[in-house]
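Descriptive structure summary
Here are the chains, one letter per residue:
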Amino acid sequence: AQSVTQLDSQVPVFEEAPVELRCNYSSSVSVYLFWYVQYPNQGLQLLLKYLSGSTLVESINGFEAEFNKSQTSFHLRKPSVHISDTAEYFCAVSGNTGFQKLVFGTGTRLLVSP
Amino acid sequence: NAGVTQTPKFQVLKTGQSMTLQCAQDMNHNSMYWYRQDPGMGLRLIYYSASEGTTDKGEVPNGYNVSRLNKREFSLRLESAAPSQTSVYFCASSGQSDTEAFFGQGTRLTVV
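Described below are features of the structure shown in this document. (Residues numbered from 1 in each chain as written. Chains lettered and ligands numbered in written order. Predicted model: local features only at pLDDT ≥ 70, side-chain atom pairs only at ≥ 80, totals over all residues. Heavy atoms only, no water.)

1. A short note on the sheet that holds strand 8 (residues 74–78) of chain B
Residues and elements named next belong to chain B. Convention followed: Strands are labelled as partners when DSSP assigns at least two bridges between them. Under the DSSP-based scheme used, a helix requires at least four consecutive residues in state H or I and a strand at least two consecutive residues in state E, with every element numbered from the N terminus. Working convention: axes come from line fits to C-alpha atoms, limited for helices to the stretch in contact. Angles between N-to-C directions cover 0 to 180 degrees.
Strand order in this open sheet of four strands is 1-3-8-7, and the pairing throughout is antiparallel. Each having just a single partner strand, strand 1 (4–7) and strand 7 (64–68) make up the two edges of the open sheet. With strand direction ignored, the average angle separating the axes of adjacent strands in the sheet is 15°. The pairing of strand 3 (residues 19–25) with strand 8 spans three bridges and is antiparallel.

As structure tokens, then:
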């Protein structure tokens, strides 16, 4: 079984500042890792994912995350945030063989202020 | 593309009433899921269907039943609604390759 820990329930930051949203996971098998974003009153959208290969993955809107197997982490970073990045961010994990369910963390609310 | 469609978007029920939440996907995905989202608790899996014809319990199945009607449709039924079932419900689907899930817009359910 897998589990995900997002220690920060809320992260306030000023516009154009860098941000890091932390995610740690536990699993007895190899994993796939995901970050989803949820804008107010909407469903979840995939932001980026790690399946295999390069441990650094990027999204089209400037976010990146690095898979660190030794630290069992998949932290999300952005060097300069915009007001429009205000949303809730969920880290998720699944095993990578056969059918595997997605397990989500409790989410981190990113609040970007001018 | 419609993706994952959930109905209704909003619902208010009285305690003890029953209702069915509908979900349909048009991506030819094998797997479908029902999650509930509560403040501070993230998304918790209620039931899932790995493939057409199979359903299994997730983390919080009590008080719910599901039906995988065909490959496209996966419904969630509350037989006797309770205030503890007040939540936002999300349906999702995924293909076989990498378990990336595609979500519907959610159903906001209030039980009074």
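2. Focus: the pairing of strand 3 of chain B
Residue and element names in this part refer to chain B. What counts, and what does not: For each residue, the accessible area found with a 1.4 Å probe, counting protein chains only, is set against the maximum for its type, and the residue is called buried under 20%, exposed over 50%, and partly exposed in between.
Within strand 3, five of the seven residues are buried, which leaves it mostly tucked inside the rest of the structure. Judged from the four bridges that link them, strand 1 and strand 3 form a sheet pairing that is antiparallel. By the bridge assignment for strand 3, Thr 5 is matched with Ala 24.

3. Digging into the layout of surface pockets
The method is simple in principle: a probe with the dimensions of a water molecule rolls over the atoms, and the space it marks as empty is what remains. To keep things clear, this is the line we draw: For each structure, a 1 Å grid was placed over the protein atoms alone; sets of points admitting a 1.4 Å probe that cannot get out are labelled cavities, open sets with protein on both sides within 12 Å along at least five of seven lines are labelled pockets, and lining residues have an atom within 4 Å of a point. Grid points are joined across faces, edges and corners, and a volume is the space filled by probe spheres set on the points. Classification used: nonpolar for Ala, Val, Leu, Ile, Met, Phe, Trp, Tyr, Cys and Pro, charged for Asp, Glu, Lys and Arg, polar for all others including Gly.
The calculated volume of the largest pocket comes to roughly 620 Å³. If you go around the largest pocket, you meet 29 residues; those closest to its centre are A:Gln38, A:Glu88, B:Gln37, B:Val88 and B:Arg108. Within the residue set of the lining of the largest pocket, elements represented by two or more residues are strand 10 (87–95) of chain A together with strand 4 (31–38), strand 9 (87–94) and strand 11 (107–111) of chain B. For the lining of the largest pocket, the element with the highest residue contribution is strand 11 of chain B, accounting for four residues. When its residues are assigned to classes, the lining of the largest pocket shows eight nonpolar, 16 polar and five charged. Its volume calculated, the second largest pocket comes out at about 220 Å³. Taken together, 15 residues make up the lining of the second largest pocket; nearest its centre are A:Leu44, A:Gln45, A:Leu46, B:Phe102 and B:Phe103.

4. Notes on the pattern of salt bridges
The line we're drawing: Just to be clear on terms, a salt bridge is a Lys or Arg side-chain nitrogen sitting within 4 Å of an Asp or Glu carboxyl oxygen.
Scanning all chains against the criterion turns up eight salt bridges over all chains. Between A:Glu20 and A:Arg77 there is a salt bridge, with its nearest N and O atoms 2.8 Å apart. Of this pair, A:Glu20 sits in strand 3 (residues 19–21) while A:Arg77 is found in strand 9 (residues 73–78), placing the two residues 57 residues apart along the sequence. By relative accessible area, which is 29% here, A:Arg77 ends up partly exposed. Where B:Arg44 meets B:Asp38, a salt bridge forms, and the shortest distance between an N and an O atom there is 2.8 Å. For B:Arg44, a relative accessible area of 16% gives the class buried. According to the relative accessible area criterion, B:Asp38 is buried, its value standing at 10%. A cluster of three or more residues bridged by salt bridges with shared partners is formed by B:Arg36, B:Asp38 and B:Arg44.

5. Remarks on the side chain of B:Arg36
Residue and element names in this part refer to chain B. Note the cut-off: Between N or O atoms, a polar contact is any pair within 3.5 Å; within protein, one atom must be a potential hydrogen donor and the other a potential acceptor, and residues adjacent in sequence are included only when both atoms are from side chains. Residue contacts are defined here by distance: any two heavy atoms, one from each residue, within 4.5 Å place the two residues in contact.
Locating Arg 36 in the fold gives a position in strand 4. A distance of 2.9 Å separates the side chain of Arg 36 from the side chain of Asp 38, its partner in a polar contact. Reaching out from Arg 36, the side chain makes a polar contact with the side chain of Tyr 64 at a distance of 2.9 Å. In this structure Arg 36 touches Gly 42, Leu 43, Arg 44, Ile 46, Val 60, Tyr 64, Ser 84, Gln 85, Thr 86, Ser 87, Val 88 and Tyr 89, once residues within four positions along its chain are discounted.

6. A look at the interface of chain A and chain B
Stated formally: What gets called buried area is simply the loss in accessible area from a 1.4 Å probe that two parts show on being joined, summed for both.
At the junction of the two partners, chain A supplies 21 residues and chain B supplies 21 residues. Here chain A meets chain B over a buried area of about 1,700 Å², counting both sides, of which 58% is carbon and sulfur. In this structure, B:Glu100 engages A:Lys49 in a salt bridge whose closest nitrogen and oxygen atoms are separated by 2.9 Å. Our count for the contact surface shared by chain A and chain B stands at four residue pairs in polar contact (both at pLDDT 80 or more). Looking at which element gives the most residues to the side of chain A that touches chain B, the answer is strand 5 (residues 31–38) of chain A, with four residues. Among the residues making up the side of chain A that touches chain B, the classes are represented as 10 nonpolar, eight polar and three charged.

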